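Residues per chain, in single letters:
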Amino acid sequence: MPDIRPASPDQAALLAALVEHGLLIDTGVPGIYGRGGPFEEVREAVAALVTRAAAPEAPEQLRFPPVMARRDLETVGYLKSFPHLAGSIFAFDGSESEAAKQYECASRHEDWSGYQSMTDLVLTPAACYPVYPAVAARGRLPVGGITVDAGGSYVFRHEPSGDPARLQMFHQREMVRIGEPEAVHTWRDAWRERALELLGAIGLEVQLDVASDPFFGRSGRMLAASQREQQLKFEVLCQIAGPEPTALASFNYHQEHFSAAYGIELADGAVAHTACLGFGLERITIALLRTHGLDPRSWPSEVRGEL
């Protein structure tokens, strides 16, 4: 049984209120919730807000399921940096007698993992991950590179928590820029400011801060320090519940990491740079519910107008 990050009193109270009002539906597993109709309406409206903001860039739309090839997770070194967050997919491929034994174990709620084998699939940890091998397969980029709208796919992070804003499976609304270093860096910085405007316009008190990813282990702490020093990652933070503010959106400059892994080249043959931005749709929805009330119909007219 994995360790569950405990909830603060106000986080627990917020979760209870969201469940009581039918906005979230308890499944018995921390960080995994169903969504009621009003919750989904707000989440989809936030996603549409990002879509409208990105429209002037005319990004190419690519959509992927919330599973991806295990080989691609291995290629980008995810298990070195984030082994504690990964979700692998296993399945049964045995005999009838083994199936019967598996069922007996499962019926008693005992460990039946010994009857399962690893498949070629893993749960997608970030909506941008399938974009890079798909773009690499095309050959060299056009002059100026490309911008990809990767949509709002479900993604998975194995970090069970009592905080309703820290889900194990959630929608990440992603955009990806692939091209020359200066163009990619400029794009990332422009979206940082745009995100502050978008979230501020719907009544959220947000601030920008340098951040780092939750890398694993002692070497991970060094990577995190380097990431912060180079200002490769920024987050837009909002106080929802608990002692610390919550990241509603993040902006990552990967430099050559993904391009080198897949051989993504610029039009002149140089290695491309990449950056991505991700809006946590459920977190933004919960922030809105916490800020404006649990009934979206009663929200300020200017907020409903923006959405």
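Let me sum up the structure you'll find in this document. Model, not experiment: these values are computed from the prediction. (Residues numbered from 1 in each chain as written. Predicted model: local features only at pLDDT ≥ 70, side-chain atom pairs only at ≥ 80, totals over all residues. Heavy atoms only, no water.)

Description of the overall build of the chain
Rules: Only runs of H or I of at least four residues qualify as helices and only runs of E of at least two qualify as strands under DSSP, and these elements are numbered from the N terminus. Computation of the radius of gyration draws on C-alpha atoms alone. For the globule rule, the value is 2.2 Å times the number of residues to the power 0.38. Only protein chains enter the calculation, and the probe is 1.4 Å; a residue is then buried if its accessible area is under 20% of its type maximum, exposed if over 50%, and partly exposed in between. The protein chains shown are the only cover counted for residues, whose accessible areas, like all others here, come from Shrake-Rupley with a 1.4 Å probe. For this count, His and the chain ends are skipped, Lys and Arg are scored as positive, and Asp and Glu as negative. To locate a charge, the coordinates of NZ of Lys, CZ of Arg, CG of Asp or CD of Glu are taken.
The secondary structure content of the chain amounts to 11 helices and 12 strands. In terms of overall size, the chain behaves like a compact globule, its C-alpha atoms giving a radius of gyration of 21 Å where 307 residues would be expected to give roughly 19 Å. Going through the 307 residues of the chain one by one, you find that 48% of them count as buried. Per element, the accessible surface of the chain, about 14,900 Å² overall, is 53% carbon and sulfur. Across the chain, the 27 positively charged side chains and the 40 negatively charged ones have centroids separated by 2 Å.

Comments concerning the side chain of Asp72
Convention followed: A pair is scored as a salt bridge if a Lys or Arg side-chain nitrogen falls within 4 Å of a carboxyl oxygen belonging to Asp or Glu. Pairs of residues are marked as contacts when any of their non-hydrogen atoms sit within 4.5 Å.
Positionally, Asp72 belongs in helix α3 (residues 70–75). The buried charged residue Asp72 lacks any salt bridge partner; its closest oppositely charged side chain belongs to Arg71, at an N-O distance of 6.2 Å. For Asp72, the contacting residues outside a window of four places in its chain are Pro133 and Tyr262.

Remarks on the pairing of strand β2 (residues 32–35)
Using the following cut-off: When DSSP finds two or more bridges between two strands, those strands count as paired.
The alternating pattern of β2 places Tyr33 and Arg35 on a buried face, while none of Ile32 and Gly34, on the opposite face, is buried. Where strand β1 (residues 24–29) hands over to β2, the hairpin turn is made up of two residues, of which Gly31 adopts a positive phi near 85°.

Focus: the environment of Glu41
Considering the arrangement of structural elements, one finds Glu41 in helix α2 (residues 37–54). Glu41 gets classed as exposed once you look at its relative accessible area, which sits at 58%. Considering only alpha carbons, one finds Glu41 and Glu229, 188 residues apart in sequence, at a separation of 39 Å.

Quick look at the environment of Arg166
The condition is simple: We call two N or O atoms a polar contact when they sit within 3.5 Å, provided that within protein one can donate a hydrogen and the other can accept it, with sequence-adjacent residues counted only if both atoms are side-chain atoms.
Among the secondary structure elements, Arg166 is positioned in the loop between β7 (146–156) and β8 (169–179). Considered as a pair, Arg166 and Glu282 are 116 residues apart in the sequence and their alpha carbons are 9.1 Å apart. One polar contact links Arg166 to Glu159, side chain to side chain, over a distance of 3.4 Å.

Some words on the nonpolar core
The nonpolar side chains of a soluble globular protein tend to be buried, and buried together. Rules: We define a nonpolar core as any set of buried Ala, Val, Leu, Ile, Met, Phe, Trp, Tyr and Cys residues linked to one another through side-chain atoms lying within 4.5 Å.
With 50 residues, the main nonpolar core has Trp191, Phe279 and Ile284 as its most contacted residues. Elements that contribute at least two residues to this core include exactly α1 (9–20), α2, β8, α7 (181–201), β10 (233–238), β11 (246–255), β12 (273–280) and α10 (281–292). A total of eight residues in this core trace back to one element, the largest contributor, which is α2. Core analysis: the second largest hydrophobic core is formed by 30 residues, Val76, Ala86, Tyr129 and Tyr262 among them.

A look at the sheet that holds strand β3 (residues 60–61)
Using the following cut-off: Lines fitted to the C-alpha atoms define the axes, with helices restricted to the stretch that makes contact. Angles between their N-to-C directions range from 0 to 180 degrees.
As summarised here, the arrangement of the seven strands in space is β3-β7-β8-β12-β11-β10-β9, forming an open sheet in which the pairing is mixed. Pairing within the sheet leaves two strands with one partner each, and these edge strands are β3 and β9 (206–210). Judged from the eight bridges that link them, β8 and β12 form a sheet pairing that is antiparallel. Paired with Arg173 across the two strands is Phe279, which belongs to β12. Against the sheet, α7 contacts β7, β8, β9, β10, β11 and β12, and its axis sits at roughly 10° relative to β12.

Some points on the packing of aromatic side chains
Rules: Stacked, tilted and edge-to-face are the three classes assigned to paired rings of Phe, Tyr and Trp, where Trp is represented by its six-membered ring and a pair needs centres within 6.5 Å; plane angles under 30 degrees give stacked, over 60 edge-to-face, the rest tilted.
Within this structure, the stated rule accounts for seven aromatic pairs. Residues Tyr132 and Phe258 carry aromatic rings whose centres are separated by 4.2 Å and whose planes lie at 10° to one another, so their mutual orientation is stacked. Pair noted here: Tyr132 is in helix α6 (residues 131–136) and Phe258 is in helix α9 (residues 257–262), with a separation of 126 residues, a long-range link. Each member of the pair, Tyr132 as well as Phe258, is classed as buried.

Considering the pairing of β12
Of all eight residues in β12, eight are buried, a share of seventy percent or more. With six bridges connecting them, β11 and β12 associate as antiparallel partners. Note on β12: the bridge partner recorded for Gln255 is Thr274.

Remarks on the pattern of salt bridges
Enumeration according to the criterion identifies 15 salt bridges in this entry. Asp149 is the salt-bridge partner of Arg173, the closest N and O atoms lying 2.7 Å from each other. Here the residue Arg173 occupies a position in strand β8, and Asp149 occupies one in strand β7, the gap between them amounting to 24 residues. A single burial state applies to Arg173 and to Asp149, both of which are buried. Between Arg166 and Glu159 there is a salt bridge; the shortest N-O distance is 3.4 Å. One connected set of salt bridges, linked through shared partners, spans Arg63, Asp149 and Arg173.

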